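The primary structure of each chain is shown beneath.
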Amino acid sequence: MKLFDVYPLNDITIVKGEGSYVWDDKGEKYLDFYGGHAVISIGHTNPHYVLRLEEQLHKIGFYSNSIIIPIQRELATKLGEVSGKEDYQLFLCNSGAEANENAMKLASFHTNRKVIVAFSKAFHGRTSLAVAATDNPQIVAPVNQTDNVVFLPFNDEVALETYFKEHGNEVAGVIIEGIQGVGGINIAAPTFLQAIRRLCDEYGAVYIADSVQCGYGRSGKFFSHDHAGVNADIYSMAKGMGNGFPIGGILIAPSIAPKYGMLGTTFGGNHLACAAAMAVLEVIEQHNLLQHAQEMGDYIMGELGKITALQNVRGVGLMIGFDLPEQYKDLKKNLLVKHRIFTGEAKPNVIRLLPALNIGKHEADILINAIKAEIVS
Ligand SMILES: Cc1ncc(COP(=O)(O)O)c(C=O)c1O
(Lines give C-alpha, C1' and ligand atoms only; values in the text may rest on other atoms or scores of the structure.)
Protein backbone atom coordinates (compact mmCIF):
# COMPACT_ATOMS: atom_id res chain seq x y z
CA MET A 1 0.00 0.00 0.00
CA LYS A 2 1.15 3.54 -0.62
CA LEU A 3 0.23 6.84 1.00
CA PHE A 4 -2.66 8.88 -0.40
CA ASP A 5 -0.68 11.55 -2.19
CA VAL A 6 -2.23 14.83 -1.04
CA TYR A 7 0.79 16.69 0.34
CA PRO A 8 3.52 18.35 -1.76
CA LEU A 9 6.62 17.30 0.18
CA ASN A 10 10.03 18.80 0.89
CA ASP A 11 12.60 16.06 0.34
CA ILE A 12 13.64 16.09 4.00
CA THR A 13 13.25 13.42 6.68
CA ILE A 14 13.22 14.91 10.17
CA VAL A 15 14.21 12.40 12.83
CA LYS A 16 14.99 14.47 15.91
CA GLY A 17 14.02 17.76 17.54
CA GLU A 18 15.17 19.83 20.50
CA GLY A 19 13.88 23.30 21.37
CA SER A 20 13.71 25.34 18.18
CA TYR A 21 15.96 22.98 16.21
CA VAL A 22 15.30 19.77 14.27
CA TRP A 23 17.72 17.32 12.60
CA ASP A 24 17.32 15.23 9.47
CA ASP A 25 18.38 11.63 8.91
CA LYS A 26 21.75 12.83 7.57
CA GLY A 27 22.51 14.78 10.75
CA GLU A 28 21.80 18.21 9.22
CA LYS A 29 20.51 20.72 11.75
CA TYR A 30 17.61 23.06 10.89
CA LEU A 31 16.20 26.09 12.70
CA ASP A 32 12.44 25.82 13.04
CA PHE A 33 10.56 29.08 12.47
CA TYR A 34 7.40 27.28 11.46
CA GLY A 35 6.72 24.71 14.19
CA GLY A 36 4.99 22.41 11.70
CA HIS A 37 2.07 24.80 11.05
CA ALA A 38 2.26 26.71 14.37
CA VAL A 39 2.00 23.56 16.46
CA ILE A 40 5.25 23.61 18.43
CA SER A 41 4.52 26.09 21.21
CA ILE A 42 7.09 25.21 23.88
CA GLY A 43 9.84 23.67 21.73
CA HIS A 44 10.47 20.18 20.44
CA THR A 45 10.96 17.48 23.11
CA ASN A 46 10.65 20.03 25.91
CA PRO A 47 11.96 18.11 28.97
CA HIS A 48 8.98 18.94 31.21
CA TYR A 49 6.60 17.91 28.42
CA VAL A 50 8.41 14.63 27.79
CA LEU A 51 8.40 13.80 31.50
CA ARG A 52 4.71 14.68 31.91
CA LEU A 53 3.73 12.44 28.97
CA GLU A 54 6.03 9.62 30.07
CA GLU A 55 4.67 9.63 33.62
CA GLN A 56 1.08 9.65 32.35
CA LEU A 57 1.76 6.84 29.90
CA HIS A 58 2.97 4.65 32.74
CA LYS A 59 -0.29 5.28 34.62
CA ILE A 60 -2.98 5.19 31.92
CA GLY A 61 -3.11 6.57 28.38
CA PHE A 62 -6.79 6.42 27.56
CA TYR A 63 -10.19 5.72 28.91
CA SER A 64 -13.44 7.00 27.47
CA ASN A 65 -15.53 9.98 28.51
CA SER A 66 -17.91 7.68 30.38
CA ILE A 67 -15.83 7.90 33.58
CA ILE A 68 -14.36 10.73 35.66
CA ILE A 69 -11.03 11.89 34.23
CA PRO A 70 -9.50 14.14 36.90
CA ILE A 71 -6.78 15.49 34.61
CA GLN A 72 -9.51 17.01 32.38
CA ARG A 73 -10.72 19.00 35.38
CA GLU A 74 -7.16 20.03 36.26
CA LEU A 75 -6.74 21.17 32.66
CA ALA A 76 -9.98 23.19 32.78
CA THR A 77 -8.82 24.91 35.99
CA LYS A 78 -5.33 25.63 34.66
CA LEU A 79 -6.67 26.88 31.31
CA GLY A 80 -9.03 29.20 33.15
CA GLU A 81 -6.13 30.59 35.20
CA VAL A 82 -3.70 31.06 32.33
CA SER A 83 -6.27 32.44 29.84
CA GLY A 84 -8.13 34.56 32.41
CA LYS A 85 -11.44 32.98 31.31
CA GLU A 86 -12.06 31.31 34.64
CA ASP A 87 -15.86 31.23 34.36
CA TYR A 88 -15.85 29.49 30.94
CA GLN A 89 -16.54 25.77 30.36
CA LEU A 90 -14.20 23.42 28.49
CA PHE A 91 -15.10 20.80 25.88
CA LEU A 92 -12.18 18.74 24.60
CA CYS A 93 -11.71 17.23 21.16
CA ASN A 94 -8.79 16.32 18.88
CA SER A 95 -8.11 18.96 16.23
CA GLY A 96 -8.77 22.49 15.07
CA ALA A 97 -11.40 21.56 12.52
CA GLU A 98 -13.24 19.52 15.10
CA ALA A 99 -13.08 22.39 17.60
CA ASN A 100 -14.64 24.78 15.05
CA GLU A 101 -17.18 22.19 13.96
CA ASN A 102 -18.32 21.82 17.57
CA ALA A 103 -18.26 25.59 18.12
CA MET A 104 -20.56 26.25 15.15
CA LYS A 105 -22.81 23.32 16.00
CA LEU A 106 -23.11 24.62 19.57
CA ALA A 107 -23.94 28.13 18.30
CA SER A 108 -26.74 26.60 16.22
CA PHE A 109 -28.06 24.49 19.10
CA HIS A 110 -27.92 27.47 21.44
CA THR A 111 -29.72 29.93 19.14
CA ASN A 112 -31.85 27.41 17.24
CA ARG A 113 -30.71 29.22 14.06
CA LYS A 114 -28.82 28.12 10.96
CA VAL A 115 -26.70 30.93 9.53
CA ILE A 116 -22.97 31.16 10.17
CA VAL A 117 -21.20 34.37 9.18
CA ALA A 118 -17.57 33.91 8.09
CA PHE A 119 -15.14 36.23 6.34
CA SER A 120 -13.10 36.48 3.17
CA LYS A 121 -9.80 34.55 3.28
CA ALA A 122 -10.92 32.61 6.37
CA PHE A 123 -9.57 29.12 7.09
CA HIS A 124 -11.43 27.09 9.70
CA GLY A 125 -10.54 23.47 8.83
CA ARG A 126 -11.61 20.62 6.59
CA THR A 127 -14.61 18.95 8.24
CA SER A 128 -18.04 19.63 6.80
CA LEU A 129 -19.15 22.93 8.36
CA ALA A 130 -15.60 24.10 9.08
CA VAL A 131 -14.67 23.74 5.42
CA ALA A 132 -17.95 25.34 4.33
CA ALA A 133 -16.90 28.36 6.43
CA THR A 134 -13.46 28.34 4.78
CA ASP A 135 -13.01 30.76 1.90
CA ASN A 136 -11.37 28.35 -0.53
CA PRO A 137 -13.76 26.69 -3.01
CA GLN A 138 -11.02 24.23 -4.08
CA ILE A 139 -11.23 22.33 -0.79
CA VAL A 140 -15.04 22.42 -0.46
CA ALA A 141 -16.54 19.20 -1.82
CA PRO A 142 -20.02 19.35 -3.36
CA VAL A 143 -21.43 17.65 -0.26
CA ASN A 144 -20.01 20.42 1.95
CA GLN A 145 -21.62 23.25 -0.02
CA THR A 146 -24.34 24.98 1.98
CA ASP A 147 -26.37 28.17 1.95
CA ASN A 148 -26.06 28.25 5.73
CA VAL A 149 -22.65 29.97 5.55
CA VAL A 150 -22.46 33.59 4.44
CA PHE A 151 -19.12 35.25 3.65
CA LEU A 152 -18.63 38.95 4.35
CA PRO A 153 -15.52 41.02 3.60
CA PHE A 154 -12.90 40.87 6.38
CA ASN A 155 -12.57 44.04 8.46
CA ASP A 156 -15.51 45.74 6.73
CA GLU A 157 -17.68 47.13 9.53
CA VAL A 158 -20.22 48.68 7.19
CA ALA A 159 -20.87 45.37 5.38
CA LEU A 160 -21.19 43.59 8.74
CA GLU A 161 -23.60 46.17 10.12
CA THR A 162 -25.69 46.11 6.93
CA TYR A 163 -25.89 42.32 6.92
CA PHE A 164 -26.98 42.22 10.57
CA LYS A 165 -29.63 44.89 10.02
CA GLU A 166 -31.21 42.73 7.32
CA HIS A 167 -30.56 39.19 8.61
CA GLY A 168 -29.33 39.50 12.21
CA ASN A 169 -32.22 37.45 13.60
CA GLU A 170 -31.18 34.45 11.46
CA VAL A 171 -27.51 34.42 12.54
CA ALA A 172 -26.47 31.57 14.82
CA GLY A 173 -22.82 32.60 15.00
CA VAL A 174 -20.03 34.71 13.62
CA ILE A 175 -16.70 32.90 13.27
CA ILE A 176 -13.46 34.85 12.89
CA GLU A 177 -9.74 34.31 13.33
CA GLY A 178 -8.27 37.17 15.39
CA ILE A 179 -5.30 36.97 13.02
CA GLN A 180 -5.88 35.06 9.80
CA GLY A 181 -3.11 32.48 9.35
CA VAL A 182 -3.59 30.51 6.14
CA GLY A 183 -5.15 33.67 4.63
CA GLY A 184 -1.78 35.45 4.95
CA ILE A 185 -1.40 37.01 8.46
CA ASN A 186 -4.28 39.47 8.26
CA ILE A 187 -5.03 41.13 11.58
CA ALA A 188 -8.67 41.69 12.53
CA ALA A 189 -9.03 45.34 13.52
CA PRO A 190 -9.92 45.75 17.20
CA THR A 191 -12.87 47.95 16.16
CA PHE A 192 -14.09 45.14 13.85
CA LEU A 193 -14.00 42.59 16.68
CA GLN A 194 -15.76 45.10 18.94
CA ALA A 195 -18.46 45.53 16.27
CA ILE A 196 -18.91 41.74 16.09
CA ARG A 197 -19.30 41.64 19.88
CA ARG A 198 -21.85 44.46 19.84
CA LEU A 199 -23.90 42.99 16.97
CA CYS A 200 -23.86 39.47 18.42
CA ASP A 201 -25.16 40.92 21.69
CA GLU A 202 -27.82 42.96 19.94
CA TYR A 203 -29.11 40.09 17.77
CA GLY A 204 -28.52 37.16 20.12
CA ALA A 205 -25.83 35.52 17.95
CA VAL A 206 -22.75 33.63 19.17
CA TYR A 207 -19.28 35.17 18.69
CA ILE A 208 -16.84 32.36 17.86
CA ALA A 209 -13.15 33.25 18.10
CA ASP A 210 -11.19 30.77 16.00
CA SER A 211 -8.01 30.75 18.04
CA VAL A 212 -6.61 27.54 16.58
CA GLN A 213 -3.58 29.30 15.09
CA CYS A 214 -3.57 32.80 16.66
CA GLY A 215 -4.43 31.63 20.19
CA TYR A 216 -2.68 29.90 23.05
CA GLY A 217 -0.25 32.75 23.71
CA ARG A 218 1.04 33.16 20.18
CA SER A 219 -0.02 36.81 19.97
CA GLY A 220 1.50 37.73 23.34
CA LYS A 221 -1.91 37.54 25.01
CA PHE A 222 -3.59 34.19 25.55
CA PHE A 223 -6.18 34.88 22.83
CA SER A 224 -5.49 37.41 20.08
CA HIS A 225 -9.06 38.69 20.57
CA ASP A 226 -7.94 39.86 24.03
CA HIS A 227 -6.00 42.66 22.30
CA ALA A 228 -9.38 44.14 21.28
CA GLY A 229 -10.68 44.00 24.85
CA VAL A 230 -13.60 41.74 23.94
CA ASN A 231 -14.71 38.37 25.23
CA ALA A 232 -15.95 35.86 22.65
CA ASP A 233 -18.73 33.40 23.50
CA ILE A 234 -16.69 30.45 22.23
CA TYR A 235 -12.92 30.15 21.67
CA SER A 236 -11.68 27.26 19.56
CA MET A 237 -8.16 25.96 20.22
CA ALA A 238 -5.79 23.27 18.92
CA LYS A 239 -2.29 23.50 17.36
CA GLY A 240 -0.08 24.84 20.19
CA MET A 241 -2.34 23.32 22.83
CA GLY A 242 -0.55 19.97 22.86
CA ASN A 243 2.85 20.97 21.38
CA GLY A 244 2.36 18.22 18.79
CA PHE A 245 0.15 15.82 20.70
CA PRO A 246 -3.27 15.98 18.99
CA ILE A 247 -5.69 17.87 21.20
CA GLY A 248 -8.25 20.58 20.54
CA GLY A 249 -10.99 22.18 22.50
CA ILE A 250 -13.52 24.94 22.89
CA LEU A 251 -13.93 27.37 25.78
CA ILE A 252 -17.61 28.11 26.21
CA ALA A 253 -19.08 31.16 27.97
CA PRO A 254 -21.24 30.51 31.05
CA SER A 255 -24.31 31.81 29.19
CA ILE A 256 -24.30 28.69 26.98
CA ALA A 257 -25.76 25.76 28.86
CA PRO A 258 -24.76 22.14 28.20
CA LYS A 259 -27.14 19.24 27.71
CA TYR A 260 -26.24 15.54 27.86
CA GLY A 261 -25.43 14.21 24.43
CA MET A 262 -25.20 17.65 22.80
CA LEU A 263 -21.50 17.16 21.91
CA GLY A 264 -19.31 14.10 22.19
CA THR A 265 -16.14 12.33 21.13
CA THR A 266 -14.33 9.04 21.70
CA PHE A 267 -10.74 10.23 21.92
CA GLY A 268 -11.19 13.86 22.95
CA GLY A 269 -9.82 14.69 26.39
CA ASN A 270 -7.98 11.40 26.87
CA HIS A 271 -5.49 11.19 29.73
CA LEU A 272 -2.41 11.43 27.55
CA ALA A 273 -3.67 14.42 25.54
CA CYS A 274 -4.55 16.23 28.77
CA ALA A 275 -1.08 15.54 30.19
CA ALA A 276 0.43 17.12 27.06
CA ALA A 277 -1.86 20.15 27.36
CA MET A 278 -1.08 20.51 31.09
CA ALA A 279 2.65 20.45 30.37
CA VAL A 280 2.26 23.20 27.75
CA LEU A 281 0.34 25.47 30.13
CA GLU A 282 2.82 24.81 32.96
CA VAL A 283 5.75 25.79 30.74
CA ILE A 284 3.90 28.87 29.42
CA GLU A 285 3.21 29.94 32.99
CA GLN A 286 6.60 29.09 34.52
CA HIS A 287 8.58 30.80 31.78
CA ASN A 288 6.24 33.75 31.29
CA LEU A 289 5.97 32.90 27.60
CA LEU A 290 3.16 35.33 26.81
CA GLN A 291 5.40 38.26 27.65
CA HIS A 292 8.35 36.59 25.93
CA ALA A 293 6.29 36.09 22.74
CA GLN A 294 5.34 39.74 22.79
CA GLU A 295 8.93 40.91 23.29
CA MET A 296 10.46 38.57 20.72
CA GLY A 297 7.72 39.41 18.23
CA ASP A 298 8.39 43.13 18.64
CA TYR A 299 12.13 42.51 18.20
CA ILE A 300 11.74 40.36 15.08
CA MET A 301 9.21 42.70 13.46
CA GLY A 302 11.46 45.69 14.27
CA GLU A 303 14.44 44.03 12.59
CA LEU A 304 12.42 42.83 9.58
CA GLY A 305 11.00 46.32 9.21
CA LYS A 306 14.53 47.62 8.61
CA ILE A 307 14.89 45.38 5.53
CA THR A 308 13.30 47.69 3.01
CA ALA A 309 12.72 45.03 0.33
CA LEU A 310 10.25 43.23 2.62
CA GLN A 311 6.77 44.68 2.23
CA ASN A 312 4.03 45.06 4.83
CA VAL A 313 5.87 43.49 7.75
CA ARG A 314 3.00 42.75 10.11
CA GLY A 315 1.88 40.56 12.96
CA VAL A 316 1.19 40.37 16.65
CA GLY A 317 3.59 38.61 19.00
CA LEU A 318 5.02 35.55 17.27
CA MET A 319 2.54 35.41 14.43
CA ILE A 320 4.40 37.40 11.82
CA GLY A 321 4.13 37.84 8.07
CA PHE A 322 5.54 39.92 5.26
CA ASP A 323 5.04 40.16 1.51
CA LEU A 324 7.81 39.36 -0.96
CA PRO A 325 8.39 41.33 -4.13
CA GLU A 326 8.54 39.14 -7.25
CA GLN A 327 12.35 39.06 -7.43
CA TYR A 328 12.57 37.40 -4.00
CA LYS A 329 9.82 34.84 -4.55
CA ASP A 330 12.30 32.00 -3.83
CA LEU A 331 13.17 33.29 -0.37
CA LYS A 332 11.33 30.53 1.50
CA LYS A 333 13.04 27.80 -0.54
CA ASN A 334 16.45 29.47 -0.20
CA LEU A 335 16.07 29.84 3.56
CA LEU A 336 15.40 26.12 3.76
CA VAL A 337 17.96 24.82 1.28
CA LYS A 338 20.83 27.26 1.83
CA HIS A 339 20.35 28.34 5.45
CA ARG A 340 18.51 25.32 6.86
CA ILE A 341 15.64 27.38 8.25
CA PHE A 342 12.00 26.29 8.10
CA THR A 343 9.49 29.09 7.54
CA GLY A 344 5.87 29.06 6.42
CA GLU A 345 4.08 30.68 3.53
CA ALA A 346 0.69 31.87 2.40
CA LYS A 347 -0.13 32.02 -1.27
CA PRO A 348 0.86 33.82 -3.37
CA ASN A 349 3.81 35.71 -1.82
CA VAL A 350 3.60 35.85 1.96
CA ILE A 351 6.21 34.44 4.34
CA ARG A 352 4.73 33.32 7.65
CA LEU A 353 6.81 33.03 10.82
CA LEU A 354 5.34 30.87 13.57
CA PRO A 355 8.19 29.85 15.88
CA ALA A 356 7.92 28.31 19.33
CA LEU A 357 6.85 30.82 21.98
CA ASN A 358 10.21 30.36 23.73
CA ILE A 359 12.35 31.11 20.67
CA GLY A 360 15.56 32.89 21.67
CA LYS A 361 17.09 36.15 20.44
CA HIS A 362 20.05 34.20 19.08
CA GLU A 363 17.70 32.17 16.86
CA ALA A 364 15.86 35.33 15.77
CA ASP A 365 19.19 36.85 14.72
CA ILE A 366 20.09 33.73 12.71
CA LEU A 367 16.86 34.11 10.74
CA ILE A 368 17.23 37.86 10.25
CA ASN A 369 20.84 37.55 9.07
CA ALA A 370 19.87 34.77 6.66
CA ILE A 371 17.09 36.92 5.20
CA LYS A 372 19.52 39.84 4.85
CA ALA A 373 22.04 37.59 3.09
CA GLU A 374 19.36 36.48 0.62
CA ILE A 375 17.97 39.94 0.00
CA VAL A 376 21.36 41.43 -0.97
CA SER A 377 22.66 38.38 -2.78
C1 LIG B 1 -7.31 29.20 12.02
C2 LIG B 1 -7.39 27.73 11.82
N3 LIG B 1 -8.53 27.08 12.16
C4 LIG B 1 -8.65 25.75 12.02
C5 LIG B 1 -7.62 25.00 11.50
C6 LIG B 1 -7.79 23.51 11.34
O7 LIG B 1 -7.04 22.84 12.29
P8 LIG B 1 -6.71 21.26 12.10
O9 LIG B 1 -5.79 21.15 10.95
O10 LIG B 1 -6.10 20.87 13.42
O11 LIG B 1 -8.02 20.58 11.87
C12 LIG B 1 -6.42 25.61 11.14
C13 LIG B 1 -5.30 24.83 10.57
O14 LIG B 1 -4.43 25.35 9.92
C15 LIG B 1 -6.31 27.02 11.30
O16 LIG B 1 -5.20 27.67 10.94
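As the structure is a computational prediction, the values presented were derived from the model and not from experiment.

Asks: Would you mind going over the packing of aromatic side chains with me for this structure?
Replies: To describe a pair of aromatic rings, you give the distance between the ring centres and the angle between the ring planes. Counting across every chain of the model gives 9 aromatic pairs. Summarising the aromatic geometry, the rings of Tyr216 and Phe222 are spaced 4.8 Å apart at their centres and angled 55° between planes, so their arrangement reads as tilted. In this structure Phe222 comes out as buried when scored by relative accessible area, which is 2%. Consider the rings of Phe223 and Tyr235, whose centres lie 4.1 Å apart with planes at 20°: the pair is stacked.

Asks: Whenever I open this one, the side chain of Ser211 confuses me. Can you help?
Replies: Topologically, Ser211 is positioned in the loop between strand 10 (206-210) and strand 11 (234-237). Judged by relative accessible area, which is 1%, Ser211 ranks as buried. Aside from chain neighbours lying at most four places away, what touches Ser211 is Phe223, His225, Tyr235, Ser236 and Met237.

Asks: In this structure, what is going on with the packing of helix 6 (residues 157-167) against helix 7 (residues 190-203)? I would like to understand it.
Replies: Axis angle and axis distance: for two packed helices, these are the angle between their axes and the distance between the axes, and together they describe the pair. Look at helix 6 against helix 7: their axes get within 10 Å of each other, and the N-to-C directions meet at 5°. Viewed along their axes, helix 6 and helix 7 adopt a mutual orientation that is roughly parallel. Counting all contacts with helix 6, which are made through Glu157, Leu160, Glu161, Phe164 and Lys165, the residues of helix 7 involved are Thr191, Phe192, Ala195, Ile196, Arg198, Leu199 and Tyr203. Split by residue class, the contact of helix 6 with helix 7 holds 7 nonpolar, 1 polar and 4 charged.

Asks: Explain the sheet that holds strand 13 (residues 311-316) here, please?
Replies: What holds strands together in a sheet is hydrogen bonding between their backbones, with the strands either parallel or antiparallel. An order of 13-14-17-16 is seen for the 4 strands of this open sheet, with the pairing classed as antiparallel. Edge positions in the sheet fall to strand 13 and strand 16 (344-346), since each of these pairs with one other strand and no more. For this sheet, the mean inter-axis angle between neighbouring strands, taken without regard to orientation, is 25°. Examined bridge by bridge, strand 14 (residues 319-323) and strand 17 (residues 350-353) share 4 bridges and lie antiparallel to one another. By the bridge assignment, Phe322 is partnered in strand 17 with Ile351.

Asks: Would you mind showing me how to read unusual backbone geometry here?
Replies: Residues other than glycine predominantly adopt negative phi, and peptide bonds predominantly adopt the trans conformation. Here the bond from Lys347 into Pro348 is cis, since omega is 0°, no more than 30 degrees from zero. Tracing the backbone through its elements, the reader meets Pro348 in the loop between strand 16 and strand 17. Residue Asn312 is not a glycine yet carries a positive backbone phi of 50°. Structurally, Asn312 is set in strand 13.

Asks: Whenever I open this one, the sheet that holds strand 2 (residues 21-24) confuses me. Can you help?
Replies: Taken in spatial order, the 4 strands make up an open sheet running 1-2-3-15, and their pairing is mixed. Of all strands in the sheet, those bounded by a partner on one side alone are strand 1 (14-18) and strand 15 (341-342). Sheet topology note: the strand 2/strand 3 (residues 29-32) ladder contains 3 bridges and is antiparallel. Opposite Trp23, over in strand 3, you have Lys29 as the bridge partner.

Asks: What's the story with the pattern of salt bridges in this structure? I'm lost.
Replies: Side chains carrying opposite charge are able to pair once their charged atoms draw close together. Under the defined criterion, the tally for this structure stands at 14 salt bridges. Lys78 serves as the salt-bridge partner of Glu285, at 2.7 Å between the closest nitrogen and oxygen. Of this pair, Glu285 sits in helix 8 (residues 271-286) while Lys78 sits in helix 3 (residues 70-83); the two residues are 207 residues apart in sequence, bridging distant segments of the chain. Given the relative accessible area of 40%, Glu285 is considered partly exposed.

What counts as what
- Residues numbered from 1 in each chain as written.
- Predicted model: local features only at pLDDT ≥ 70, side-chain atom pairs only at ≥ 80, totals over all residues.
- Heavy atoms only, no water.
- Phe/Tyr/Trp six-rings, centres within 6.5 Å; stacked < 30°, edge-to-face > 60°.
- Buried < 20%, exposed > 50% of the residue type's maximum accessible area, 1.4 Å probe, protein only.
- Helix = DSSP H or I, 4+ residues; strand = E, 2+ residues; numbered from the N terminus.
- Contact = heavy atoms within 4.5 Å.
- Axes fitted to C-alpha atoms, helices over the stretch in contact; angles between N-to-C directions.
- Parallel < 35°, antiparallel > 145°, perpendicular 65-115°, else oblique.
- Nonpolar A, V, L, I, M, F, W, Y, C, P; charged D, E, K, R; others polar.
- Pairing = 2+ DSSP bridges.
- Salt bridge = Lys/Arg side-chain N within 4 Å of Asp/Glu carboxyl O.

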